[in-house]
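Residues per chain are reported as follows:
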Amino acid sequence: MHIHRYERLWIWIGVATLGVFFVLLAYLGVSAGLAPPGHNWPIDPTKVYSTPPFDHPGLRRRADGSYDAYYVAQVFSWNPSTITIPVGAKVTFYVTSADVVHGFSIPDKDVNLEIMPGWVNSATHTFRTPGTFLIVCNQYCGIGHQGMFGKIIVK
Ligand code: CUA
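Residues numbered from 1 in each chain as written. Predicted model: local features only at pLDDT ≥ 70, side-chain atom pairs only at ≥ 80, totals over all residues. Heavy atoms only, no water.

Chemist: Requested: an account of the overall build of the chain, with residues and values cited.
Modeler: In terms of helices and strands, the chain carries one helix and 11 strands. For the chain, the sequential pattern of α-helices and β-strands runs α-β-β-β-β-β-β-β-β-β-β-β. Relative to its length of 155 residues, the chain is extended, with a C-alpha radius of gyration of 21 Å against a globular reference of 15 Å. Reported as C-alpha extents along the three principal axes, the dimensions of the chain are approximately 75 × 35 × 35 Å. Sorting the 155 residues of the chain into buried and exposed places 34% on the buried side. Within the chain, residue pairs in contact and separated by at least 24 positions form 60% of the contacts whose partners lie at least 6 positions apart. A total accessible area of about 9,400 Å² is found for the chain, and carbon and sulfur atoms account for 63% of it. Placing the 11 positive and 9 negative side-chain charges of the chain at their respective mean positions leaves the two points 5 Å apart. (Helix = DSSP H or I, 4+ residues; strand = E, 2+ residues; numbered from the N terminus. Rg over C-alpha atoms; globule rule 2.2 N^0.38 Å. Buried < 20%, exposed > 50% of the residue type's maximum accessible area, 1.4 Å probe, protein only. Contact = heavy atoms within 4.5 Å. Areas by Shrake-Rupley, 256 points an atom, 1.4 Å probe, with all protein chains shown as cover. Lys, Arg positive; Asp, Glu negative; His and termini not counted. Charge placed at Lys NZ, Arg CZ, Asp CG, Glu CD.)

So this is what it looks like as structure tokens:
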């Protein structure tokens, strides 16, 4: 079978491009560490509910008046499901998963975290206006994914 010179050239360009992508993927995945984007640290996903502070998920008030909120994601809910905070509260969310990959997102706020089992991810947000804000899961995690939401009540 005859393959035209240009055809052969383009096949090799395609193969070389795939090779470059593979090397980059291997470098970023292994050398640079395979982790979700964000500030995060590892946790044993099989021991989430016995690892402090996730053995008692929920809201904690710091001495400076800001808050830490510890969340565990599992199909198909957030633990805690609802938190209530005062207007102006600065909250740092720490979120991990007890099972599969989830997404912790507060629509219209700058909080959008990928929650991978084995990792704790975090983000900080100050709630300046009163209202009820949803936490939605934005990673498909199974049959009940669309019902996986929580509430933040700011008043
Ligand atoms: Cu959790 Cu989708």
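Chemist: Lay out the sheet that holds strand S10 (residues 131–137) with the relevant residues and their values.
Modeler: A sheet is described by the order of its strands in space; here five strands give the open sequence S5-S11-S10-S7-S8, paired in mixed fashion. The sheet is open, and its two borders are formed by strand S5 (82–85) and strand S8 (111–115), each paired with just one other strand. Ignoring which end each strand starts from, the neighbouring axes of this sheet average 15° apart. For strand S7 (residues 102–106) and S8, the ladder comprises five bridges, and the chain directions are antiparallel. In the strand pairing of S8, His102 is matched with Ile115. (Pairing = 2+ DSSP bridges. Axes fitted to C-alpha atoms, helices over the stretch in contact; angles between N-to-C directions.)

Chemist: Now, about the nonpolar core: what can you tell me, with residues and values included?
Modeler: One finds Tyr71, Trp78, Phe93, Phe104, Ile106, Phe127 and Ile152 to be the most contacted residues of the largest nonpolar core, which totals 25 residues. For this core, the secondary-structure elements that each account for two or more residues are strand S3 (67–74), S5, strand S6 (89–97), S7, S8, strand S9 (119–127), S10 and strand S11 (149–154). Setting aside anything within four residues of it in sequence, one finds Phe104 in contact with Tyr71, Trp78, Phe93, Val95, Val111, Asn112, Leu113, Ile115, Ile135, Val136 and Asn138. Formed by seven residues, the second largest nonpolar core is a distinct cluster that contains Phe54, Tyr70, Val72 and Val120. (Core = buried A, V, L, I, M, F, W, Y, C linked by side-chain atoms within 4.5 Å.)

Chemist: Before we move on, can you summarise the pairing of S6 with the specific residues and values?
Modeler: Extensive coverage of S6 is indicated by the burial of eight of its nine residues. The sheet contact formed by S3 and S6 spans seven bridges and is parallel. Within S6, the residue paired with Tyr70 across the bridge is Tyr94. With seven bridges joining them, S6 and S9 adopt antiparallel strand pairing. Residue pairing for S9: Val91 is matched across the bridge by His125.

Chemist: Pulling in residues and values, what's your account of the side chain of Thr92?
Modeler: The topology assignment puts Thr92 in strand S6. Residues contacting Thr92, with those up to four places away along its chain left out, are Arg62, Tyr67, Asp68, Ala69, Ala123 and Thr124.

Chemist: Please provide a residue-by-residue account of the pattern of salt bridges, values included.
Modeler: Under the criterion given, the structure shown has two salt bridges. Where Lys47 meets Asp44, a salt bridge forms, and the shortest distance between an N and an O atom there is 3.3 Å. Lys47 sits in the partly exposed class, given a relative accessible area of 47%. A salt bridge links Arg62 to Asp68; the shortest N-O distance between them is 2.7 Å. Accessibility expressed as a relative area gives 10% for Asp68, which makes it buried. (Salt bridge = Lys/Arg side-chain N within 4 Å of Asp/Glu carboxyl O.)

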